[in-house]
Amino acid sequence: HWRLPGIDIVPFGYTNVYHEPVFFYSVDRPDLANSLIPTTWFGGSTSIHGRLTNSLAYELQASNTIVDSGGNVRDTKTTSGDFKQQSNQIAYALRLAYQVADIDGLAGSTSVYVSPDISPRGAYASDVNNVKIGDLGRSPLAMADTELRYRPQVEGIELRAEGVGVYFARPENLRANNDGDTGNNVGSTMWGTSGELAWHYQVPDNGWEIVPFVRYTH
């Protein structure tokens, strides 16, 4: 199937695709979706999606790139205050969602995202006095994510795990590394992992469900 050009969610990870509160535990979004994956992540795009087998689905998307705002990764705005596009670079995302036929209740996804340049148009390096000293160079980006969800036949038990990596090919061109502040510099790699254990308790007679859970994120 072809999704016509328009504003759409970037198919990356689980929480970004299914970002409504009923699909993840905790009041706030999980840390990986606040610190490494810019959830909710969307932009102008077009994509194809479908099923390769009964247990394997795919989505391949071309979109306007995420831009290096110099701030929080959740700032996915791709236009400036006067609505001019900050970048005309095209990025690509591929997400494979699968179910393991031999293990009942096990499902997951693997996602990749590649951008040739996340530097905004007109972004510049500066010295400690914030004096413009020239345009920043190209800053390619690659991201990868794998997450698994396991709901075995054991009454109430649910397990989740996720790992994500972010790779900067030219970290010296990131805006955080050119703002004169050495306390917020970014290296070539960022990564995170998360594990979660939940237990579903069905309240008798009223259909309610109580789900205590514990999550560890690094």
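See the structure above.
Predicted, not measured: the structure shown is a model, and the values here were computed from it.

K.L.:
Lay out the overall build of the chain with the relevant residues and their values.
P.N.:
Along its length, the chain carries one helix and 13 strands. Ordered by position from N to C terminus, the α and β elements of the chain give β-α-β-β-β-β-β-β-β-β-β-β-β-β. The buried share of the chain, taken over its 218 residues, is 39%. The long-range share in the chain, meaning contacts at least 24 apart out of those at least 6 apart in sequence, stands at 60%. Carbon and sulfur atoms make up 57% of the accessible area of the chain, which totals about 12500 Å².

K.L.:
Explain the pattern of salt bridges to me, using residue names and the numbers behind them.
P.N.:
For the structure on display, the rule yields seven salt bridges. Among the ionic pairs, E172 bridges to R170, the shortest N-O distance being 2.4 Å. One salt bridge connects R215 with E196, and the closest N-O pair in it is separated by 2.6 Å. One end of the pair, R215, is in strand β13 (residues 213–217); the other, E196, is in strand β10 (residues 189–199), and 19 residues separate them in sequence. Connected through shared salt-bridge partners, E158, R160, E196 and R215 make up one network.

K.L.:
Give me the lowdown on the pairing of strand β8 (residues 141–150), citing residues and values where you can.
P.N.:
Each regular strand shows side chains that alternate between the opposite faces of the sheet. The alternating pattern of β8 places L141, M143, D145, E147 and R149 on a buried face and A142, A144, T146, L148 and Y150 on a face that is not buried. As defined by bridge partners, strand β5 (residues 106–115) adjoins β8 across 10 bridges and the pair is classed as antiparallel. By the bridge assignment, Y113 is partnered in β8 with M143. By the bridge criterion, 10 bridges tie β8 to strand β9 (residues 157–168) in an arrangement that is antiparallel. If you follow D145 over to β9, its bridge partner there is V164. The turn linking β8 back onto β9 is made up of six residues, and G156 within it adopts a positive phi angle of 85°.

K.L.:
Can you lay out the sheet that holds β13 for me, pointing to particular residues and giving the numbers?
P.N.:
Sheet architecture is open: nine strands sit in the order β1-β2-β3-β4-β5-β8-β9-β10-β13, paired in antiparallel fashion. At either margin of the open sheet sits one strand with a lone partner, and together these are β1 (2–9) and β13. Between one strand axis and the next, the sheet turns through 15° on average, direction left out of account. Relative to β10, β9 runs antiparallel, the two being bridged by 11 bridges.

K.L.:
Can you break down the side chain of Q61 residue by residue, with the values?
P.N.:
On the secondary structure map, Q61 appears in strand β3 (residues 56–64). Here Q61 falls in the buried class, since its relative accessible area comes to 2%. Only 3.0 Å separates the side chain of Q61 from the backbone oxygen of I9, close enough to count as a polar contact. A distance of 3.3 Å separates polar atoms of two side chains, one belonging to Q61 and the other to S45. Not counting residues within four places of it along the chain, the set of residues in contact with Q61 comprises D8, I9, V10, P11, S45, T46, S47, A91, Y92 and A93.

K.L.:
Can you explain unusual backbone geometry? Please cite residues and give values.
P.N.:
Cis peptide bonds are those with omega within 30 degrees of zero, and the linkage from T39 to T40 qualifies with 0°. Checked against the element boundaries, T40 lands in the loop between α1 (32–35) and β2 (42–53). One non-glycine residue with positive phi stands out, namely S26, at about 95°. Along the chain, the position of S26 falls in the loop between β1 and α1.

Thresholds applied
Residues numbered from 1 in each chain as written. Predicted model: local features only at pLDDT ≥ 70, side-chain atom pairs only at ≥ 80, totals over all residues. Heavy atoms only, no water. Helix = DSSP H or I, 4+ residues; strand = E, 2+ residues; numbered from the N terminus. Buried < 20%, exposed > 50% of the residue type's maximum accessible area, 1.4 Å probe, protein only. Contact = heavy atoms within 4.5 Å. Areas by Shrake-Rupley, 256 points an atom, 1.4 Å probe, with all protein chains shown as cover. Salt bridge = Lys/Arg side-chain N within 4 Å of Asp/Glu carboxyl O. Pairing = 2+ DSSP bridges. Axes fitted to C-alpha atoms, helices over the stretch in contact; angles between N-to-C directions. Polar contact = N/O pair within 3.5 Å; in protein donor to acceptor, adjacent residues only side chain to side chain.

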